[in-house]
Amino acid sequence: MSRLRPEVEALARKHALVNACRHGGKAETGAVIAKLMSEVPDLRSQARIIHPEIVSLVQEINQLTLDEQTNLVKSSYGDLLGEKPSRGQRPLAPLPDAEIGHVVTRFPPEPNGYPHIGHAKAAILDEEYARHYEGRFILRFDDTNPANELQEYYGAIQDGLEWLGIKPDLIKNTSDDLETIYSYAEQLIEKSGAYVCTCAVETIRANRASGIECECRTEGPANTLKLWQRMSNEMKPNEAVLRLKGDMSGVNTAFRDPILFRINHATHPLKGTKYTVWPTYDFAAPIEDSLDGVTHAMRTKEYELRDVVYYHVLDMLGIRKPLLLEFSRLELKDTPISKRKLKPLIENGTATGWDDPRLPTLTGLRRRGYHPQSIRAFVMSLGLTKTESRPTWDLLESLNRKVLDPIARRYFFVPNPVRVEIGAVPDKLVRIPFHPDQAMGYRTIPFSGAVYIPSRDAEALRVGSVFRLIELFNVEIRSVEDGHLSGSFVGNDLIQHIPKLQWVSEQHIEQTVAIPGPFFEDDKLSPKSWIEEVGFAEPAAGEVGIGELIQFVRCGFCRVDAPNLAIMTHK
């Protein structure tokens, strides 16, 4: 039986449901508690009692589907989900020709690497629009290039989306539809819409650049179908490709007979060696979108010139046409985003792996300490627009700070510690709250005649300098000799305009804080991309679990990565 008062339980349930609906069906316990205590301040003194109750309630809410959560909010609380977006977040621009209950979107990643923040933008926008219009959202693996794909990457993409709170209504693979895609290729051939080209790769490239048609283009459907069968049964890679009959003399080079199928004998992670002829994105995407019922196919504007190919394929085959919508590709200053740039960093050992906290991969951002709510807010602040922008990390950091500040416990960490002896003060136990919100509990730190402070603060101290040890008392420096400092107690009262320093006592643990930075500065590898600060932390910091997000006072937000090692998220 719940120990919450009925009115408190009802309020907590409302906030849990609304929080879940706004974050892909997964409510965050910390956010619910923070909201609850801001509205009912007297609950702060009962934090230890209510915390397990809220955890249980959030688990109950998270077991519901997103549709069930949304319906409960609408039926019980009216238009709470229609509140204005928070500052910095754009409202969703309306989709053209969209009807409530009839919008289908899709996110079609290729499983050739780990997902990054650019994928997050595409996936979040696709899901947000599907939910906004009460439609469906499909995760479709565009797995038609077996040479670059691994089973590991399918799981990595799903894990990344799950961390972001994204719940697809359907998960499927393009490779499962290959027989159907083959049948559409044969229909296109029979309509004289495609031909098998046996020219060398270099010749195809040169002819497309010059707008020159090759002799292969004149072959009729009957012989083309025979060559098509030979591509699967006899030919080797690069001996032949299937090309669309586009417009070789047109200005748009993307429509100059693009390649639709290639021979590829690599082993596929799901299909093995069953298939040897694989469709390109230009052919697979329009067919899959049409068959999957996609109404609004969103993709980055780099594909804009290929829209004519997409629609021409569907027109030739006489099947339903989704509406294409383009948006700007996400790029961050001094940060490689594309897998083409990320993979070499991993392969040559510059990065330690896909979860290197300096990388913009979702697993790297997670390891560094970014919260999925902040990434969603970041994406929504950019919106569905073609406008090119190159935001810095500052925006994402500010959004993440807003999420972490009310839920991250505070601890003391002293980098490069310098000892300060403080005379004439009896030993004592200091009870310090983990957070300004005292509902998050307390820890006890012993004091016994000396403390350690950061060297950068110690260097500024002179005889007569007065400073305050945070949550302890005021100290005046009496002597500074060869780096050895001693001082005396000069009161408990808060004094304006004196330094406030974090400290640790004689009882402490060794602590390292790794500070990741951008891999590149001005397109060159940066020597400052990984810096470690070594020092002491209070004993309670050693009890923090791996993966927990905390704040080291006057240092920054961190994620505990291993015993005695934390990774700095940001200030």
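All of these numbers come straight from a predicted model, not from anything done at the bench.

A. Here's a closer look at the pattern of salt bridges. On inspection of all chains with the given rule, the structure shows 33 salt bridges. Residue E304 is joined to K386 by a salt bridge in which the shortest nitrogen-to-oxygen separation is 2.6 Å. Within this pair, whereas E304 is found in the loop between β8 (296-300) and α11 (307-317), its partner K386 is found in the loop between α14 (372-382) and α15 (393-404), the two being separated by 82 residues in sequence. Residue K386 is classed as partly exposed on the basis of its relative accessible area, which comes to 37%. In this structure, the salt-bridge partner of D356 is R358, at a minimum N-O distance of 2.7 Å. For R358, a relative accessible area of 13% translates into the label buried. Ionic contacts of the salt-bridge type, sharing partners, join the residues R106, R140, K172, D177, E288, D289 and D292 into one network.

B. Fine view of the pairing of strand β1 (residues 104-107). Because side chains alternate across β1, one face comprises the buried residues V104 and R106, and the other comprises T105 and F107, equally buried. As defined by bridge partners, β1 adjoins strand β2 (residues 136-141) across four bridges and the pair is classed as parallel. Among the inter-strand pairings, V104 is bridged to a residue of β2, identified as R136. Read as a crossover between parallel neighbours, the route from β1 over helix α5 (residues 117-132) to β2 is right-handed.

C. Representation of the pairing of strand β16 (residues 466-469) within the structure. In this sheet, strand β17 (residues 474-481) lies alongside β16 in antiparallel orientation, the contact comprising three bridges. Looking at β17, one finds that R468 is bridged to N474. Adjacent in sequence and paired antiparallel, β16 and β17 are bridged by four residues, among which E471 carries a positive phi angle near 65 degrees. Pairing of β16 with strand β19 (residues 500-501) involves two bridges; the strand directions are parallel. Bridging across to β19, R468 finds its partner in K500.

D. Inspection of the domain arrangement of the protein at higher detail. Partitioning the protein into domains gives domain 1 (6-77), domain 2 (97-107 + 117-322), domain 3 (339-405) and domain 4 (409-570). Taking the mean C-alpha position of each, domain 3 and domain 4 sit 28 Å from one another. Together, the buried faces of domain 3 and domain 4 total about 1600 Å²; carbon and sulfur atoms form 63% of this surface. It is R358, R367 and R368 in domain 3 that bury the most area against domain 4; as a group they hold 41% of the surface buried on that side. If you look at where domain 3 meets domain 4, you find two salt bridges. The salt bridge partner of R367 is D561, with a shortest N-O separation of 2.9 Å. Broken down by element, the residue count for the side of domain 3 that touches domain 4 peaks at four residues, all from α15. Counted by class, the side of domain 3 that touches domain 4 contains six nonpolar, three polar and eight charged residues.

Reading the values: the criteria
- Residues numbered from 1 in each chain as written.
- Predicted model: local features only at pLDDT ≥ 70, side-chain atom pairs only at ≥ 80, totals over all residues.
- Heavy atoms only, no water.
- Salt bridge = Lys/Arg side-chain N within 4 Å of Asp/Glu carboxyl O.
- Helix = DSSP H or I, 4+ residues; strand = E, 2+ residues; numbered from the N terminus.
- Buried < 20%, exposed > 50% of the residue type's maximum accessible area, 1.4 Å probe, protein only.
- Pairing = 2+ DSSP bridges.
- Right-handed = clockwise from strand over helix to strand, strands pointing away.
- Domains from an automatic or database assignment.
- Buried area = accessible area lost by both parts, 1.4 Å probe.
- Nonpolar A, V, L, I, M, F, W, Y, C, P; charged D, E, K, R; others polar.

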